[in-house]
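Here's the letter readout for the chains.
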Amino acid sequence: MTDTFEIRDLHVSVEDKPILKGVNLVVPKGQVHALMGPNGSGKSTLANTILGHPKYTVTRGDIRMKGESILEWDTDERARRGLFLAFQYPCEVPGVRVSNFLRMACNARAGRELDVMEFYEKLEEKMKKLDMDERWVKRYLNEGFSGGEKKRNEILQMLMLEPEFAVMDETDSGLDIDALKIVAHGVNELRGPNIGILIITHYERILRYIQPDAVHILVDGRIVKSGDADLATHLEQHGYDWITKEVVA
Amino acid sequence: MSTPVTELLRSHYKEGFHDDLPIVRAVPKGLKHEVVDYISDVKGEPDWMREFRHRSLDLFLKQGLPDWLPGLRDEIDYNEITYYVSPVEKPQRRWEDVPEEIRRTYDKLGIAKEEQKLLGGLGAQIDSEMAYHNIQESLAKRGVVFLSCDEGLKQYPDLFREYFSKAIPPEDNKFAALNSAFWSGGSFVYIPKGVKCDIPLSVYFRINAEQFGQFERTLIIVDEDAFCHYVEGCSAPIYTTNSLHAAVVEIFVKNRARCRYTTIQNWSTDVYNLVTKRAMLYERAVMEWVDGNLGSKRTVKYPSCYFLGEGGHGEVLSLASADRGMWQDAGAKMVFMAPNCTGRINSKSISGRTGRASYRGLVQVRPEATNCRVQVNCDALILDEQSRSDTYPVMEIKGDLATVEHEASVSNVSEEQLFYLMSRGIKKEDAVSMIVNGFIEPIVKELPMEFAVEINRLINLQMEGSVG
């Protein structure tokens, strides 16, 4: 049970307003879980809390990685220990080149200065997988990127950093079908026994390309239903209404 | 005696050491006409220069500070300053001939002989005089003149007199008058017609003496169709008293010529840096000021372009970083006096740890300057709530068909940017450094490689411990 990413009875507030009200979730390594839910259910709050965004306050419960609580760790330490978040809205950092940023990040993750040649060889290989040309890394980080480019850039970072547990926050939103396929290809590439992935999404669409091992439904700050991939298909056909009703009843 | 604060500053400012150098010549402190005579005697100057100096001292004593300039009124005690100190006899043309103690100072600053290989010429001024001044043989053969300003007056008296003080007369402002009275050192540069001097000429200014005033004077003439890149750097020890640096730089860019002047100012926070820099642009001339201000207690400096001939182009790239104990009052001035000229001012400032940065700019389009275009961009980055940034842009547009654009922005290091970078394992301090270096990148990428590296190093030092 130690090689898991575990959320226990998690309560989170934003400016004293409770958003998450007791979330329980276990993602073992080697699995892909999907977290679905209507707008405002607390999906992004969960994603940001996992990486320790200062705006979100954990009022109760715990988040544990490989048996250790991560709540006392700063954001950068969580990342160095193998957590990753693919942002829903990656922010722009003007004047910082993608290549420099990635090198800093990879060095931080490795805990040492990586060989420059080795780094660039790996970068080139990952970029090919995501259908990026060499000009990509000379651009400034997310500056002037289209919505789709920003999302692909998140996946590039994920492939480079090789996290142990990754959260993908609505990576599929705003992507056209071709970009979605590229992103899914990247994720499937990374998928394997050494990583656990939590895909947060509003729509079932991405799950057609990345088969989840389990699906959880978040409503009003709680996980109200868990199941296999069929649950997502059911949601797609019937919407969130039936589940909200079921919960209320 | 140094206080703990002085020690702290020293740990961040590696140039803050001072050396006990033998003094070859010095004057008693204070503003005196006898000092002017002493300087003129030592330098063996012609009478017109001696008279010019005396007249300038009178002007300084009479002149007040401009109304728009805040502070400085009671801050500097001019009678506690020493106006001439020289640890060297005369400038040497061979590095081996420079006194050993001074060579050691420059070694510590990393301005070693080796660096010359990248440069067309190198000058090294310590206190009032140049210790070393030399130019590569190949450039000298093409007629390029690169001398200390004093040598320029001796060797090219007519050319010197034709241009000296014509861009910045002592009447221009109080500190120009002060410089005109006590000037010593600096460079005299002449680039003959059509000669492209594409490797930089570089000068390093070092203050070593305490409570001292350095008044170098630089005169650059880039003749028709010629090109020149001049680069200067500077530093000073950390004392508990103040020093003064009031330079005057005059540049004449003749028809179709181009000049680029790059400054990396890194004075200690004891130094008042009050500098007048002005370029005169003739027909279709191009002038580029790259002005980096990273040190000093107070900087007052607005590199200027005066467009005398039609079709000229002027640029000022201004970069200011105001750390604890600093006030960078930097900016630019563009005066259009001829038609069809264009100008661009791009200013970026950072203030942190109670530092203060101000952009002050003047764009003046005179009635005769029709169809001119000017673009002003100033961006400020404020790192914490204790720090301050101001913008004082003045536009006086009298010429027809002028296009003037002004854009300004103020930003902070945003929580979202920090979170994003930290979520990739980057430590908070490094993340702030990254954001700041990214902010100045558009200006830094204009610099020669060695200087870009130096700027990034200095900025990173200032970022150390700047976030909680």
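Residues numbered from 1 in each chain as written. Chains lettered and ligands numbered in written order. Predicted model: local features only at pLDDT ≥ 70, side-chain atom pairs only at ≥ 80, totals over all residues.

Chemist: I would appreciate a short explanation of the overall build of chain A in the present structure.
Modeler: Per the secondary structure count, chain A includes eight helices and 12 strands. Computed over the C-alpha atoms, the radius of gyration of chain A is 18 Å, within 12% of the 18 Å expected from 2.2 N^0.38 for a compact globule of 249 residues. Taking the principal axes of its C-alpha atoms as reference, chain A extends roughly 60 × 40 × 35 Å. Across the 249 residues that make up chain A, the buried fraction comes to 43%. A sequence separation of at least 24 residues applies to 73% of the contacts in chain A between residues at least 6 apart. (Helix = DSSP H or I, 4+ residues; strand = E, 2+ residues; numbered from the N terminus. Rg over C-alpha atoms; globule rule 2.2 N^0.38 Å. Buried ≥ 20, exposed ≤ 12 C-beta atoms within 10 Å, placed from the backbone. Contact = placed C-beta atoms within 7 Å.)

Chemist: What's the story with the overall build of chain B in this structure? I'm lost.
Modeler: When its secondary structure is counted, chain B shows 11 helices and 24 strands. The C-alpha atoms of chain B give a radius of gyration of 21 Å, which matches the 23 Å a tight globule of 468 residues would have. Overall, the C-alpha framework of chain B stretches about 65 × 60 × 45 Å when taken along its three principal axes. Relative to its full complement of 468 residues, chain B shows a buried share of 55%.

Chemist: Sorry, what's going on with the packing of helix 5 (residues 147-161) of chain A against helix 6 (residues 177-190) of chain A here?
Modeler: Residue and element names in this part refer to chain A. With their axes 10 Å apart at the nearest point, helix 5 and helix 6 run at an angle of 10° to one another. If you check the angle between helix 5 and helix 6, you find them roughly parallel. Of helix 6, the residues touching helix 5 (which contributes Gly 148, Lys 151, Arg 152, Ile 155, Met 158 and Leu 159) are Ala 179, Ile 182, Val 183, Gly 186, Val 187, Glu 189 and Leu 190. The residue inventory of the contact of helix 5 with helix 6, partitioned by class, reads eight nonpolar, two polar and three charged. (Axes fitted to C-alpha atoms, helices over the stretch in contact; angles between N-to-C directions. Parallel < 35°, antiparallel > 145°, perpendicular 65-115°, else oblique. Nonpolar A, V, L, I, M, F, W, Y, C, P; charged D, E, K, R; others polar.)

Chemist: What am I meant to see in the packing of helix 3 (residues 47-62) of chain B against helix 8 (residues 174-182) of chain B here?
Modeler: When two helices pack together, their arrangement is captured by the angle between the axes and the distance separating the axes. Residue and element names in this part refer to chain B. At a minimum axis distance of 7 Å, the contact between helix 3 and helix 8 shows a crossing angle of 150°. Two packed elements cross with a definite hand, and for helix 3 against helix 8 that hand is left-handed. Across the interface between the two elements, Phe 52, Arg 53, Ser 56, Leu 57, Leu 59 and Phe 60 from helix 3 touch Lys 174, Ala 177, Leu 178, Ser 180 and Ala 181 from helix 8. When grouped by side-chain class, the residues that make up the contact of helix 3 with helix 8 number seven nonpolar, two polar and two charged. (Left-handed = near helix turned anticlockwise from the far one by under 90°.)

Chemist: What exactly am I supposed to notice about the nonpolar core here?
Modeler: A general tendency of soluble globular proteins is for nonpolar side chains to be buried together. Residue and element names in this part refer to chain B. One finds Val 189 and Val 253 to be the most contacted residues of the largest nonpolar core, which totals 220 residues. Top contributing element to this core by residue count: helix 10 (residues 428-444), with nine residues. Domain assignment of the residues forming this core places at least three in each of domain 1 (4-301) and domain 2 (426-468). Not counting residues within four places of it along the chain, the set of residues in contact with Val 253 comprises Val 222, Arg 258, Cys 259, Ala 279, Met 280, Leu 281, Tyr 282, Ala 285 and Met 287. (Core = buried A, V, L, I, M, F, W, Y, C linked by C-beta atoms within 7 Å. Domains from an automatic or database assignment.)

Chemist: Would you take a moment to explain the interface of chain B and chain A for this structure?
Modeler: A common way to express how large an interface is: the accessible area buried when the components associate. Contact with chain B, which involves 21 residues of that partner, is made by 21 residues of chain A. Listed by contribution, the elements that provide at least two residues to the side of chain B that touches chain A are helix 9 (415-422) and helix 10 of chain B. Per-element accounting of the side of chain B that touches chain A gives the leading share, nine residues, to helix 10 of chain B. Class assignment of the residues belonging to the side of chain B that touches chain A gives a composition of nine nonpolar, five polar and seven charged.

Chemist: Where do I start with helix 6 of chain A in this structure?
Modeler: Think of an α-helix as turning once every 3.6 residues; residues three or four places apart then point the same way. Residues and elements named next belong to chain A. Taking 1.5 Å per residue as the helical rise, helix 6 with its 14 residues ought to reach 20 Å, and the 20 Å between its terminal C-alpha atoms agrees with that figure. Those residues of helix 6 that fall on the buried side of the exposure criterion are Leu 180, Val 183, Ala 184, Gly 186 and Val 187. Seen from one end, helix 6 has its buried residues packed into an arc of 155°, which puts them on one side. Contacts from the buried residues of helix 6 go to helix 4 (116-129), helix 5 and strand 10 (196-201). (Expected span 1.5 Å × (residues − 1). Arc of directions from axis to C-beta.)

Chemist: Help me understand the sheet that holds strand 1 (residues 4-14) of chain A in this model?
Modeler: The pairing of strands in a sheet comes from backbone hydrogen bonds and takes either a parallel or an antiparallel form. All names here are of chain A. Taken together, the four strands give an open sheet; going across it, the order is 2-1-4-5, and neighbouring strands pair in antiparallel fashion. Edge positions in the sheet fall to strand 2 (17-28) and strand 5 (68-69), since each has one partner strand and no second. Across two bridges, the pairing between strand 4 (residues 56-65) and strand 5 is antiparallel. Directly across from Arg 64, in strand 5, lies its bridge partner Ser 69. (Pairing = 2+ DSSP bridges.)

Chemist: When you look at the sheet that holds strand 15 (residues 286-293) of chain B in this model, what are you seeing that I'm missing?
Modeler: Residues and elements named next belong to chain B. Pairing within the open sheet is mixed, and its 10 strands lie in the order 4-3-7-10-13-15-18-20-22-24. Each edge of the open sheet carries a strand with a single partner, namely strand 4 (129-135) and strand 24 (403-412). Along the sheet, successive strands turn relative to each other by an average axial angle of 5°, direction set aside. Across 10 bridges, strand 18 (residues 313-322) lies against strand 20 (residues 342-351) in parallel orientation. Within strand 20, the position partnered with Glu 315 by the bridge is Arg 344.

Chemist: Honestly, unusual backbone geometry in this entry has me stumped. Any pointers?
Modeler: With glycine set apart, most residues show a phi of negative sign, and most peptide bonds adopt trans. Residues other than glycine seldom take positive phi values, yet A:Glu170 does so here, at roughly 45°. Mapped onto the secondary structure, A:Glu170 falls in the loop between strand 9 (165-169) and helix 6. Although it is not a glycine, B:Asp127 sits at a positive phi angle of roughly 50°. Mapped onto the elements of the fold, B:Asp127 is located in the loop between strand 3 (121-126) and strand 4. Under the C-beta neighbour-count criterion, B:Asp127 is labelled buried, with 27 such atoms within 10 Å.

Chemist: When you look at the domain arrangement of chain B in this model, what are you seeing that I'm missing?
Modeler: Residues and elements named next belong to chain B. Domain parsing of chain B yields domain 1 (4-301) and domain 2 (426-468). Of the residues lining the interface, eight residues belong to domain 1; the matching set on domain 2 comes to nine residues. Looking at the side of domain 1 that touches domain 2, the elements that each hand over two or more residues are strand 13 (258-265) and strand 15. A class-by-class count of the residues in the side of domain 1 that touches domain 2 yields four nonpolar, four polar and no charged.

Chemist: What should I look at first to understand helix 2 (residues 33-43) of chain B in this one?
Modeler: All names here are of chain B. Val 35, Val 36 and Ile 39 are the residues of helix 2 that are buried. Across the axial projection of helix 2, the buried residues extend over an arc of 105°, all falling on one side. Of the residues in helix 2, the exposed ones pointing more than 90 degrees away from the buried face are His 33, Glu 34 and Asp 41. Each element contacted by the buried residues of helix 2 is listed here: helix 3 and helix 8. Positive phi shows up at Gly 44, right after helix 2, with a value of about 60°.

Chemist: Any chance you could explain the confidence of the model for chain B here in plain terms?
Modeler: Low pLDDT marks regions whose predicted coordinates should not be analysed in detail. Residue and element names in this part refer to chain B. On average, residues of chain B score 92 in pLDDT, and 95% of them are at 70 or above. pLDDT under 50 marks residues 1-6. Its contacts with residues more than four places away, or in other chains, come to five contacts. Interface confidence in the predicted complex, given as ipTM, is 0.96; pTM for the same model is 0.87. (pLDDT = per-residue confidence, 0-100.)

Chemist: Would you mind going over the pairing of strand 19 (residues 327-336) of chain B with me for this structure?
Modeler: Residues in a regular strand point their side chains to alternate faces of the sheet. Residues and elements named next belong to chain B. A large share of strand 19 lies buried, amounting to 10 of its 10 residues. Burial of the side chains of strand 19 extends over both faces: Trp 327, Asp 329, Gly 331, Lys 333 and Val 335 are buried on one face and Gln 328, Ala 330, Ala 332, Met 334 and Phe 336 on the other. Taken together, the four bridges between strand 17 (residues 304-307) and strand 19 define a ladder with parallel strand orientation. Bridge pairing links Phe 307 to Phe 336 in strand 19. The pairing of strand 19 with strand 21 (residues 356-365) spans 10 bridges and is classified as parallel. By the bridge assignment for strand 21, Phe 336 is matched with Val 365.

Chemist: Can you help me understand the environment of B:Leu57 in this one?
Modeler: Take B:Leu57: it is sitting in helix 3. In contact with B:Leu57, not counting residues within four places along its chain, are B:His33, B:Val36 and B:Ala181.

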